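Structural features, examined
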Amino acid sequence: MTTLATDGDACEWVAHPVRDHIASRPASYAPAPGTCAQPSLAQLTTLGVGGELARYVEATGEAEFLETIREADATGTPVLVLGGGSNIVAPDEGFDGVVVRDVRDDIEVVDDTGCGGATVRVAAGVGLDALVARAIEEGWMGLEALSGIPGTVGAAPVQNVGAYGHEIAEVISSVSTLDRLTGQRAHLALAELGLGYRTSRLKRERVWGQHSGEVTPRWVITSVEFAFRHASLSAPIAYAQLADALGVEVGDRVDAAQVREAVLALRASKGMVLDERDPDARSAGSFFTNPVLSAAAAAALPAEAPRFPVYDYAARRNIADAPPLLEGVVKTSAAWLIEHAGISRGFALRDDATAAISSKHTLALTTRGSSPCSADVRELAEAVVERVRERFGVTLVPEPALMDRSGTVAITTA
């Protein structure tokens, strides 16, 4: 297990803190469990695109969750495991297989020993922001900068989700999975997950199905175990924009609830929290990852292009220290590349297109109208990629999975 040390405030933590209840943000626009027997993919995804389903299962227990997937694999039926549906571009043609939505909400405190911190096991179906809210209530440090990210806990390690200078890698200790290659349960420790910037072994490893061309994830996460330190303050603020919003310096630590409120406000200003009233929130969040380039490739960019160091957050052992620097690579800004390739906020390929660049942030592709379509999202994404490649020689990589009706997922080398 990975334990992240602090500067000594863990032992000053008062056990069983009393905090006001902290409301969580929704993980999805999907119907509440048990209210819709056969929803469409459009109802289950935050982009609001996708057709009808052949079969839909809401798994309320782990046994049902695993049995549904094993049964489908045994019969060669395509499987789509959905959490919040916030990281997928679903096909307009629908899906020929079984969609399994994990609706479990179990958060189990395995151990809570004061100075030793807390070990917490969380079902994959729990909304990530619900866990963040619970962590702040309990004084479990390290998740506050991830406030407002849609989706579920089970999806978080796959992408190694992160925001405002922190990643989920910093507090994960292990994941429990179903290995679809063997059909057996498998427990993977942090060191086995291969966590990097918006990637992991869980994302990269795929299995071939019995249908022609069907490629789906090898690993299905059933639960995630976290190792938290107790603290009265947040992890060090690691992002200048967040520090400015809080009125502090980078590296300072403040009340975690204040960090949450500042992060939610910043995300809302970019249309990056789910909100039915905000048309810019009809998105998959950041549609492209920030490119990680070789030093030579970064040097070829214009002098004014942003350049950031790349860190190995999974290797950090002291939360108060900077994570180890990865040598020889440089991260740049996908949003900057998009804007300077001539694509502005609100851009659409056609007046009648049902997909457009967010009016708040160029990194988000949004849908509009009463019947948006996946084809428009893909066409816009391809146009963005091509313009950036032509202008800067950099190929942007989508964050969401791009699916067709048989279960094929676009594979990247990220």
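Use the structure listed above.
So, here's what we can say about the structure. (Residues numbered from 1 in each chain as written. Predicted model: local features only at pLDDT ≥ 70, side-chain atom pairs only at ≥ 80, totals over all residues. Heavy atoms only, no water.)

Broken down by element type, the protein chain carries ten helices and 19 strands. The globule rule puts the C-alpha radius of gyration for 414 residues at 22 Å, and the 21 Å found for the protein chain is close to it. Over its C-alpha atoms, taken along the principal directions, the protein chain stretches across nearly 55 × 55 × 40 Å. Counting over 414 residues, the protein chain shows a buried share of 55%. A separation of at least 24 residues holds for 65% of the contacts in the protein chain among residues at least 6 apart in sequence. On the protein chain, roughly 16900 Å² of surface is accessible, and the fraction owed to carbon and sulfur atoms is 51%. Each charge sign in the protein chain was given a centre, from 36 positive and 54 negative side chains, and these centres are 3 Å apart. (Helix = DSSP H or I, 4+ residues; strand = E, 2+ residues; numbered from the N terminus. Rg over C-alpha atoms; globule rule 2.2 N^0.38 Å. Buried < 20%, exposed > 50% of the residue type's maximum accessible area, 1.4 Å probe, protein only. Contact = heavy atoms within 4.5 Å. Areas by Shrake-Rupley, 256 points an atom, 1.4 Å probe, with all protein chains shown as cover. Lys, Arg positive; Asp, Glu negative; His and termini not counted. Charge placed at Lys NZ, Arg CZ, Asp CG, Glu CD.)

Once that is clear, we can look at the nonpolar core. Ranked by internal contacts, the top residues of the largest apolar core, which has 50 residues, are Leu143, Val153, Ile168, Phe226, Ile237, Leu242 and Leu246. Those elements giving two or more residues to this core turn out to be strand 6 (118-123), helix 3 (128-138), strand 10 (172-179), strand 14 (219-230), helix 6 (240-246) and helix 7 (256-269). Ranked by residues supplied to this core, first place goes to helix 3 with six residues. For phenylalanine 226, the contacting residues outside a window of four places in its chain are Ala118, Thr119, Val120, Val122, Leu131, Val153, Ile168, Val171, Ile172 and Ser173. (Core = buried A, V, L, I, M, F, W, Y, C linked by side-chain atoms within 4.5 Å.)

Let us now look at empty space enclosed by the protein. Scanning all chains against the criterion turns up three cavities of 30 Å³ or more. Its volume calculated, the largest cavity comes out at about 60 Å³. Taken together, 13 residues line the largest cavity, and the ones lying closest to its centre are Gly139, Trp140, Ala231, Leu233 and Ala256. Elements with a contribution of two residues or more to the lining of the largest cavity: helix 3 and strand 7 (140-141). Taken together, the residues of the lining of the largest cavity break down into eight nonpolar, three polar and two charged. (1 Å grid on protein atoms, 1.4 Å probe; cavity = no way out; pocket = protein on both sides within 12 Å on 5 of 7 lines; lining within 4 Å. Points joined across faces, edges and corners; volume = space filled by probe spheres on them. Nonpolar A, V, L, I, M, F, W, Y, C, P; charged D, E, K, R; others polar.)

This next bit is on the pairing of strand 4 (residues 95-102). A regular strand places its side chains on the two faces of the sheet in alternate fashion. Among the eight residues of strand 4, seven are classified as buried, and the element is accordingly described as predominantly covered. In this sheet, strand 4 lies alongside strand 1 (residues 53-59) in parallel orientation, the contact comprising six bridges. If you follow arginine 55 over to strand 4, its bridge partner there is valine 98. Two elements, strand 2 (residues 79-82) and strand 4, share four bridges in a ladder whose sense is parallel. (Pairing = 2+ DSSP bridges.)

On to the sheet that holds strand 4. The three strands lie next to each other as 1-4-2, forming an open sheet whose pairing is parallel. In this open sheet, the two strands that pair with only one neighbour each are strand 1 and strand 2. Within the sheet, the average angular offset between the axes of one strand and its neighbour, ignoring direction, is 20°. (Axes fitted to C-alpha atoms, helices over the stretch in contact; angles between N-to-C directions.)

What follows is about the layout of surface pockets. As a volume, the second largest pocket reaches approximately 320 Å³. Considering the residues around the second largest pocket, the lining is formed by 20 residues, among which Ala27, Pro33, Arg101, Gly125 and Gly127 are closest to the centre. Contributions of two or more residues to the lining of the second largest pocket are made by strand 4 and helix 3. At three residues, helix 3 tops the list of elements feeding residues into the lining of the second largest pocket. Residues of the lining of the second largest pocket, tallied by class, amount to seven nonpolar, seven polar and six charged.

On to the packing of aromatic side chains. Applying the stated rule across the entire model yields six aromatic pairs. Here the aromatic rings of phenylalanine 226 and phenylalanine 228 are separated by 5.5 Å at their centres, their planes lie at 5°, and the arrangement is stacked. The two residues phenylalanine 226 and phenylalanine 228 agree in class, both being buried. For the pair tryptophan 336 and phenylalanine 392, a centre-to-centre distance of 5.6 Å together with 45° between the ring planes defines the contact as tilted. Linking tryptophan 336 in helix 9 (residues 334-340) with phenylalanine 392 in helix 10 (residues 374-392), this pair joins segments that are 56 residues apart in sequence. By relative accessible area, tryptophan 336 is classed as buried at 13%. Among the aromatic residues, those joined into a ring-pair cluster are Trp140, Phe226 and Phe228. In this structure, lysine 331 is placed above the aromatic ring of tyrosine 197, and the distance from its NZ or CZ to the ring centre is 4.4 Å. (Phe/Tyr/Trp six-rings, centres within 6.5 Å; stacked < 30°, edge-to-face > 60°. Lys NZ or Arg CZ within 6 Å of the ring centre and 35° of its normal.)

Right, let's get into the pattern of salt bridges. Applying the stated criterion across every chain yields a total of 22 salt bridges. Notably, a salt bridge pairs aspartate 275 with arginine 277, separated by 3.0 Å at the nearest N-O pair. Aspartate 275 sits in the buried class, given a relative accessible area of 18%. The exposed category is assigned to arginine 277, whose relative accessible area is 73%. Three or more residues are tied together by salt bridges with common partners; here these are Glu62, Asp102, Arg104 and Arg185. (Salt bridge = Lys/Arg side-chain N within 4 Å of Asp/Glu carboxyl O.)

The next thing to look at is unusual backbone geometry. Of note, asparagine 160 is a non-glycine position whose phi angle comes to about 45°, a positive value. Relative to the elements of secondary structure, asparagine 160 occurs in the loop between helix 4 (156-159) and strand 8 (162-163). Of the residues examined, asparagine 160 reaches a relative accessible area of 0% and is grouped as buried. One non-glycine residue with positive phi stands out, namely tyrosine 164, at about 50°. Accessibility expressed as a relative area gives 8% for tyrosine 164, which makes it buried.

Right, let's talk about the environment of arginine 253 for a bit. Along the chain, arginine 253 turns up in the loop between helix 6 and helix 7. Taking C-alpha positions, arginine 253 is 6.1 Å from isoleucine 237, a pair spaced 16 residues apart along the chain. Here the side chain of arginine 253 touches serine 234 through a polar contact of 2.7 Å, landing on its backbone oxygen. (Polar contact = N/O pair within 3.5 Å; in protein donor to acceptor, adjacent residues only side chain to side chain.)

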